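Structural overview for review
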Amino acid sequence: MKRMREETFAEADVAIAAISQEASGEQARAEALRGDQLAASELDSEEAYTQFYEKMLKRRRIIIVFFSVAIIAFALLNMAIGSTQIALIDIIKAVFLGTGEGNQAMIIRSIRLPMALMAIVVGAALGVSGCEIQTILRNPIASPFTLGISSAASFGAALGLILNTGIPFVSETLLVTANAFVFSFVVAMAIYLFSRQRQVGKTAIILFGVALNFLFSALTMALQYIADEDALQSLVFWNFGSLLKTTWIKFGIVAIVLLCCTLLLYRNAWRLTAMTLDDSKAMSIGVNVSKMRRMAILTASLLAGIAVCFVGTIGFVGLIAPHIARQLVGEDQRYFMPLSALIGAFVLSFAFVLSKLIMPGVILPIGLVTSIIGIPFFIVIIFHRMKVML
Amino acid sequence: MIRIENLSFAYKRAGKSHQVFEHLDIAFKPGINVILGPNGAGKSTLLKAIFGILDYKGNVFLQETPLATMALEEKISQIAYLPQMDIEQSSLTVLEMVLLGRLPELQRKVRSEDIAYAMKSMAQLNISELASRPFTALSGGQKKLVFIAQTLVRDSDIVLLDEPINALDLKRQLELCQLLRSKVQEKPITMIIVLHDINLAVRFADHLVVLRENGTLYAVGSPKEVMTERMIEDVYGVIARVSCDEDGVPVVSPLSSFAQ
């Protein structure tokens, strides 16, 4: 035992001597090195860094411009394709110059243009909503749908369609929309109030959302059980999601909400970027984490709710748009959030074109198309990501 | 200068409360203050209390101002805090990550002055060449250095670092210690650092604060005063030999724990 102790002493002494020797030698070397580096870096590096940063931002701006142009192209395509094909030149005349006569101009201005624009704003709203929900919950599989917002909207719609009841003093034509919105908003408020409690972390919020999702799905099923065939069919169609009932007023409402929410989020871009960090880290650099999380949950739920209540359940846009955007521009919210919006808009416009082309003469429900093209695409992204991570 | 007065705090979990501090008084002077203590002694909790992310009883003063009355922005402008955390994933680049440390100053368009600060901070930690790399692609030690650069980017007067040298190799550890030392020499910064490496702490600290289990203060003072065989035995339950090296710095050689 005693020998062992002595050996331990000897070993420890050797080790400590080695450390302190290295320390003094390294110290001199490191100091010399640091002096050189600082001098060198002050001469040319600041410019180099700024240049590197500017280059990175320029690349991001190019991506944003690219998607903006692509969206405009697909919007025009959307207006051209339909039960009757309209030449692009006529569309441009009718939309931008206000000229053009007869039925065709009327169809463009009051039917196809609002639909094409609705695809853009709904896609953008879902994209932004998904982007913020993924950011604040730091969970790549979170989306407006995981939080139960769409299943609540669906339940609201079912109430209107099957029981023909809902919010008092709302005209029958608006009943389904109003119901869907009110129920999605109720869920949004429930999640908001839940997240206001002290010590509620992000996982608890996700679990609460998942629970609400199941609750409202079950309630909708209960309604389906007692529904007659006609009502059941309307509900199935509502759940598919459709842009065909778009009016200028509906478009206007979604557009205004989208604009207000994105402006609010953009003003907090840096703080939201910091929310990608661990809570304690984000707090340490000056973010009021719980306040930021509540603000973003409310905004994102509102965006998803307003989008879903007018066009029905459109899946996967809120999930895949932020994923693609993140891969293209990273998580700086000054670019990530707008690009999520643009990609959401692009995906929905693209899906809308497809929905009219897949079966000639039939317009498939757009929600069906986004899910069918969205899922394989998403799987490809996941595989790609896994490769990157390995 | 940070002064803690009559600090009491209890963690509440599943209805039970676990007292960490009871009527704790400590003053941290300008210079390098190292907090030592066994696991669960409340070292990290103390930093959290100082930064104000805990609901404690008592007072923490920055000079003469109680920190609890300060707004977050005001606090951030004076205190830099590196929490202990799990290494995380983020697709931000290293430059962006360090820039985030200047969050209150960042405007819609990043000014070249902010980039210059970030750059200086990265150069000081010898991670300049990582600037364009995505954070996710870094090793654990590199990620740690990025967070330290992010914490030091603001030149704050109060710096709280929770186990900054974990995951760093020997060279990086010494470089970091030297950097912190040079910062303290430049201006009277109060640094409060949680460390586990006793020998490094002894070499490096101006003042040592030793906590025992449940956040009782065991000793405060210069490394020479505090670092005794008795202290190691009382606080860590370990028999150790404390000798002096040729510079007169105490050297601790742990021998065996009580259990053996």
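Residues numbered from 1 in each chain as written. Chains lettered and ligands numbered in written order. Predicted model: local features only at pLDDT ≥ 70, side-chain atom pairs only at ≥ 80, totals over all residues.

Quick word on the domain arrangement of chain B
All names here are of chain B. Split into domains, chain B comes out as domain 1 (1-78 + 156-228) and domain 2 (88-155). Broken down by secondary-structure element, the contributors of at least two residues to the side of domain 1 that touches domain 2 are α2 (72-76) and α6 (170-186). Among the elements that make up the side of domain 1 that touches domain 2, the one with the highest residue count is α6 (4 residues). Of the residues contributing to the side of domain 1 that touches domain 2, the split by class is 7 nonpolar, 3 polar and 4 charged. (Domains from an automatic or database assignment. Helix = DSSP H or I, 4+ residues; strand = E, 2+ residues; numbered from the N terminus. Nonpolar A, V, L, I, M, F, W, Y, C, P; charged D, E, K, R; others polar.)

Considerations on the pairing of strand β1 (residues 2-13) of chain B
Residues and elements named next belong to chain B. Sheet topology places β1 next to strand β2 (residues 16-28); 9 bridges connect them, and they run antiparallel. Across the sheet, Arg3 pairs through a bridge with Ala27, a residue of β2. Here 5 bridges tie β1 to strand β4 (residues 57-62), and the two strands are oriented antiparallel to one another. In the strand pairing of β4, Arg3 is matched with Phe61. (Pairing = 2+ DSSP bridges.)

What to know about helix α12 (residues 317-329) of chain A
Spacing of three or four residues puts side chains on the same side of an α-helix, whose turn is 3.6 residues. All names here are of chain A. Here α12 is 13 residues long and its end C-alpha atoms lie 18 Å apart, about the 18 Å a rise of 1.5 Å per residue gives. Along α12, 11 of the 13 residues are buried, which leaves the element largely enclosed by surrounding structure. Taken as a whole, α12 has its buried residues at Val317, Gly318, Leu319, Ile320, Ala321, Pro322, His323, Ile324, Ala325, Arg326 and Val329. The positive-phi residue at the C-terminal boundary of α12 is Gly330, with phi of around 80°. (Expected span 1.5 Å × (residues − 1). Buried ≥ 20, exposed ≤ 12 C-beta atoms within 10 Å, placed from the backbone.)

So, unusual backbone geometry
One non-glycine residue with positive phi stands out, namely Asn126 of chain B, at about 55°. With respect to the element layout, Asn126 of chain B can be found in the loop between α4 (112-124) and α5 (140-152).

Observations concerning the sheet that holds β2 of chain B
Residues and elements named next belong to chain B. Strand order in the open sheet formed by 4 strands is β2-β1-β4-β5, with antiparallel pairing between adjacent strands. Two strands in the sheet have a free side with no partner beyond their single neighbour: β2 and β5 (65-66). Bridge analysis of β4 against β5 gives 2 bridges, and the strand direction is antiparallel. Its bridge partner lying in β5, Phe61 is registered against Pro66. Helix α1 (residues 43-51) contacts β1, β2 and β4 of the sheet and is inclined by roughly 115° relative to β1. (Contact = placed C-beta atoms within 7 Å. Axes fitted to C-alpha atoms, helices over the stretch in contact; angles between N-to-C directions.)

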